[in-house]
Amino acid sequence: MKNYPSRREFLATTAKAGLTVGLVGTAFSDLLAQTAQAVAGTGFTQKPLPYAYTALEPHIDARTMEIHYSKHAAAYASNLRDAAKEEGVDTAQPLEQVLTSISKYSAKMRNNGGGHYNHELFWSILGAPTEGGLPAAEGVPAVAGPDGALLKAIKTSFGSYEAFVSQFETASKTRFGSGWAWLLVDATGKLVVSSTPNQDNPLMDIAEVKGTPILGLDVWEHAYYLHYQNRRPDYVTAFWKVVNWKAVADRFAAATT
Ligand SMILES: [Fe+2]
C-alpha cells in the first residue's frame, strides 16, 4: 500500500524542490496545505467539483449532484475539520495519514474523515457519460473502459473486464444499508474488489480488506434516491457510463509506483 509522507518529509521535499521561494505575504500553512493536496494526497477541505452538476446526466441527475456535493459532502468536510481541531490533528498532513491509523481516533473522525476522503475520490473518478462501458481495447468504439496497464491488471486479477464488473456490481448491490464498493490495490499490488459500511474505506486500519482505493461507488441512498428511488441496481449499472477511466488509471499508476 502506498505510504504518504509525514509533514517533516513533505517539508523537506518541498524545500528541496524550491517550493518555499516566494512565500512573502502568504500564510505558509495555507500554501503548504494546498501544495500537499496537489502532490501528496487529500486535504481537509473540499476541492471544487471538477464539472457542472448537470455533467453526469441522465445517469446521475443535477439535483442529486448539487445536494450530494454542497450538502452531504460539504458537511463531512466541515465536521472533519471540527474533529481535527478537537483532537489536535495537524490539517497540513495528508488526510490519508490519519485514515491509515483511524483506530486511534474518535468515531467522529472516522465517519467524517472517511466521508470526506470517499467523496473527494468519488467526484474525481466520475466524468461526462460516454457510449461505451467496455474496454476500448476489446473493440468497442467509445473509450469508456480501462486500457493499457490498468486493463492488463484487471484481467490478471479478475480474469476479464466483465468478471471485474460483475464482482464490483455484486459488492455494490449487496452492501447492506449505507456504504461503498471499491476497486483497490492491495499490499501485493493485486487489484481487489471490496465493500465497506458507512464511510469506512480500504485505507483504514480497521478495514477488513486493506489497500489503496482507485475506484469507488457511493451506495448511500443520498447518492441515488431522487432519481432511482429504491432501484439501487439500476444506479449501479448506470455508474459505468460515467466512470472517468483516465482518472482511475492515474490513481492505479500512483498506487503501484
Ligand atoms: Fe455520498
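Residues numbered from 1 in each chain as written. Predicted model: local features only at pLDDT ≥ 70, side-chain atom pairs only at ≥ 80, totals over all residues.

1. Quick word on the overall build of the protein
And step 1. Counting its secondary structure elements, the protein contains 10 helices and 3 strands.
And step 2. The helix and strand sequence of the protein, counted from the amino end, reads α-α-α-α-α-α-α-β-β-β-α-α-α.
And step 3. Split into buried and exposed, the 257 residues of the protein put 37% on the buried side. (Helix = DSSP H or I, 4+ residues; strand = E, 2+ residues; numbered from the N terminus. Buried ≥ 20, exposed ≤ 12 C-beta atoms within 10 Å, placed from the backbone.)

2. A look at the environment of Phe 158
And step 1. In this structure, Phe 158 sits in helix H6 (residues 148-158).
And step 2. Sequence separation between Phe 158 and Leu 191 is 33 residues, and the spatial gap between their C-alpha atoms is 8.0 Å.
And step 3. Beyond its immediate chain neighbours, meaning those up to four positions away, Phe 158 contacts Ala 163, Phe 164 and Gln 167. (Contact = placed C-beta atoms within 7 Å.)

3. Some thoughts on the pairing of strand E1 (residues 179-185)
And step 1. Across the 7 residues that make up E1, a large majority, 7, are buried.
And step 2. With burial as the criterion, each face of E1 is covered, one bearing Gly 179, Ala 181, Leu 183 and Val 185 and the other bearing Trp 180, Trp 182 and Leu 184.
And step 3. Taken together, E1 and the strand that follows it, strand E2 (residues 191-197), pair antiparallel across an intervening segment of 5 residues, in which Gly 189 is found at a positive phi of about 90°.
And step 4. Where E1 lies against strand E3 (residues 212-218), 6 bridges are found, and the strand directions are antiparallel. (Pairing = 2+ DSSP bridges.)

4. Regarding the sheet that holds E2
Strand pairs in the sheet, formed through backbone hydrogen bonds, run parallel or antiparallel to each other.
And step 1. Strand order in the open sheet formed by 3 strands is E2-E1-E3, and the pairing between neighbours is antiparallel. The open sheet has two free edges, formed respectively by E2 and E3, since each of these has just one partner strand. Pairwise comparison of adjacent strand axes, ignoring direction, gives a mean angle of 25° for this sheet. (Axes fitted to C-alpha atoms, helices over the stretch in contact; angles between N-to-C directions.)

5. What about the nonpolar core?
And step 1. Leu 99, Phe 168, Ala 181, Trp 182, Leu 183, Phe 239 and Val 243 are the most contacted members of the largest nonpolar core, which has 52 residues in total.
And step 2. Examining the composition of this core, we find that 7 residues originate from one element, helix H3 (residues 62-86), more than from any other.
And step 3. If near-sequence neighbours (up to four positions away) are discounted, Trp 182 is found in contact with Val 193, Ser 194, Ser 195, Thr 196, Asn 201, Pro 202, Pro 213, Leu 215 and Gly 216. (Core = buried A, V, L, I, M, F, W, Y, C linked by C-beta atoms within 7 Å.)

6. So, the packing of H6 against helix H10 (residues 245-256)
And step 1. Across the interface, H6 lies against H10 with an axial gap of 9 Å and an inter-helix angle of 75°. Taken together, the axes of H6 and H10 are roughly perpendicular relative to one another. In this structure, H6 uses Gly 148, Leu 150 and Ala 153 to contact H10, whose residues at the interface are Val 248, Ala 249 and Phe 252. (Parallel < 35°, antiparallel > 145°, perpendicular 65-115°, else oblique.)

7. Re unusual backbone geometry
And step 1. The linkage connecting Glu 57 with the following residue, Pro 58, adopts the cis geometry, with an omega of 5°.
And step 2. One can find Pro 58 in the loop between helix H2 (28-40) and H3.
And step 3. A positive phi angle, close to 55°, is found at Asn 198, a residue other than glycine.
And step 4. Along the chain, the position of Asn 198 falls in the loop between E2 and E3.
And step 5. Classification of Asn 198 by C-beta neighbours within 10 Å gives partly exposed; the count is 16.
And step 6. Residues other than glycine seldom take positive phi values, yet Gln 229 does so here, at roughly 50°.
And step 7. Within the secondary structure, Gln 229 is located in the loop between helix H8 (225-228) and helix H9 (232-239).
And step 8. For Gln 229, a count of 11 C-beta atoms within 10 Å gives the class exposed.

8. With respect to the environment of Asp 61
And step 1. Mapped onto the fold, Asp 61 is located in the loop between H2 and H3.
And step 2. By the C-beta count within 10 Å, which is 16 here, Asp 61 ends up partly exposed.
And step 3. Not counting the four nearest positions on each side in its chain, Asp 61 is found in contact with Leu 226 and His 227.

9. Considerations on the packing of helix H7 (residues 161-174) against H9
Angle between the axes and distance between the axes are the two parameters that describe a pair of packed helices.
And step 1. Put simply, H7 and H9 touch, their axes get as near as 10 Å, and they point 145° apart. Here H7 runs over H9; the crossing is right-handed. Across from Glu 169, Ser 172 and Lys 173 in H7, the residues of H9 making contact are Arg 232, Pro 233 and Val 236.
And step 2. Of the residues in the contact of H7 with H9, the class split is 2 nonpolar, 1 polar and 3 charged. (Left-handed = near helix turned anticlockwise from the far one by under 90°. Nonpolar A, V, L, I, M, F, W, Y, C, P; charged D, E, K, R; others polar.)

As far as function goes, none of this settles anything; it's purely spatial.
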